[in-house]
Amino acid sequence: MIEINVGKLPFGIYAIVVFPFIFYRRDKRNKCIEAHEHYHWKDALKYGVVGWYLLYILLLIKNFGKPITNDPLEKPAYIIEWRCEG
């Protein structure tokens, strides 16, 4: 896992896993967002990086216009993030 702080990410994103990297918006990085992204990183390893990304993209297309928090690959990561925030 290689974590990198950047000034800006597209589409209002605070952080993103582009395996094997995790990019964080420098001004938004905190332990809760790190926990969220670490979940995705481990999930991609667990299910296979290429397969995980293909499924992620297909689910984004299928659920376009719906809240990202309902996406089956995002929901567990958000639960971890929300629990961290208390």
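Whatever comes next refers back to the structure up there.
Residues numbered from 1 in each chain as written. Predicted model: local features only at pLDDT ≥ 70, side-chain atom pairs only at ≥ 80, totals over all residues. Heavy atoms only, no water.

A.B. asks: What's the story with the environment of alanine 15 in this structure? I'm lost.
C.D. replies: Of note, alanine 15 is situated in strand S2 (residues 15-18). By relative accessible area, which is 10% here, alanine 15 ends up buried. Residues alanine 15 and histidine 38, spaced 23 residues apart in sequence, show a C-alpha to C-alpha distance of 11 Å. Setting aside chain neighbours within four positions, we find alanine 15 in contact with Leu9, Phe23, Tyr24, Ile33 and Glu37. (Helix = DSSP H or I, 4+ residues; strand = E, 2+ residues; numbered from the N terminus. Buried < 20%, exposed > 50% of the residue type's maximum accessible area, 1.4 Å probe, protein only. Contact = heavy atoms within 4.5 Å.)

A.B. asks: Got a minute to help me understand helix H1 (residues 31-47) in this structure?
C.D. replies: Under the 1.5 Å per step criterion, the end-to-end length of H1 is 24 Å for 17 residues, consistent within 8% with the ideal 24 Å. Residues of H1 that are buried: Cys32, Ile33, His36, Glu37, His40, Trp41, Asp43 and Ala44. Those residues of H1 that are buried are in contact with S2, strand S3 (21-25), helix H2 (49-62) and helix H3 (75-85). For H1, the N-terminal cap is asparagine 30; the gap from its side-chain oxygen to the backbone nitrogen of cysteine 32 is 2.8 Å. Immediately beyond the C-terminal end of H1, within one or two residues, lies glycine 48, with a positive phi of roughly 95°. (Expected span 1.5 Å × (residues − 1). Polar contact = N/O pair within 3.5 Å; in protein donor to acceptor, adjacent residues only side chain to side chain.)

A.B. asks: Explanation requested: the sheet that holds S2 in the structure shown.
C.D. replies: Within a sheet, adjacent strands bond to each other through the backbone by hydrogen bonds, running parallel or antiparallel. Ordered by their spatial adjacency, 3 strands build an open sheet running S1-S3-S2, and the pairing between neighbours is mixed. One side of each edge strand has no neighbouring strand; the edge strands of this open sheet are strand S1 (2-6) and S2. Going across the sheet, the axis of each strand differs from the next one's by a mean of 20°, ignoring polarity. Alignment of S2 against S3, held across 4 bridges, turns out to be antiparallel. Across the sheet, alanine 15 pairs through a bridge with tyrosine 24, a residue of S3. H1 contacts S1, S2 and S3 of the sheet and is inclined by roughly 155° relative to S3. (Pairing = 2+ DSSP bridges. Axes fitted to C-alpha atoms, helices over the stretch in contact; angles between N-to-C directions.)

A.B. asks: Looking at this structure, how should I read H2?
C.D. replies: Residues spaced three or four apart along an α-helix face the same direction, because each turn holds 3.6 residues. The end-to-end C-alpha separation of H2 is 20 Å, in line with the 20 Å expected for 14 residues at 1.5 Å each. Regarding H2, the residues found buried are Trp52, Tyr56 and Leu59. On an axial view of H2, the arc spanned by its buried residues comes to 70°, and they lie on one face. Turned more than 90 degrees away from the buried face of H2, the exposed residues are Val50, Leu54, Leu58, Ile61 and Lys62. Buried positions along H2 lie against H1. (Arc of directions from axis to C-beta.)

A.B. asks: Please clarify how the state of the cysteines should be interpreted in this entry.
C.D. replies: By definition, a disulfide is the covalent link that joins the sulfur atoms of two cysteine residues. The final tally for this structure, using the stated rule, is 1 disulfide. Linked covalently through their sulfurs, cysteine 32 and cysteine 84 form a disulfide whose S-S length is 2.1 Å. On the sign convention where negative means left-handed, the S-S torsion of about -75° between cysteine 32 and cysteine 84 marks this disulfide as left-handed. Of this pair, cysteine 32 sits in helix H1 while cysteine 84 sits in helix H3; the two residues are 52 residues apart in sequence, bridging distant segments of the chain. (Disulfide = S-S within 2.5 Å.)

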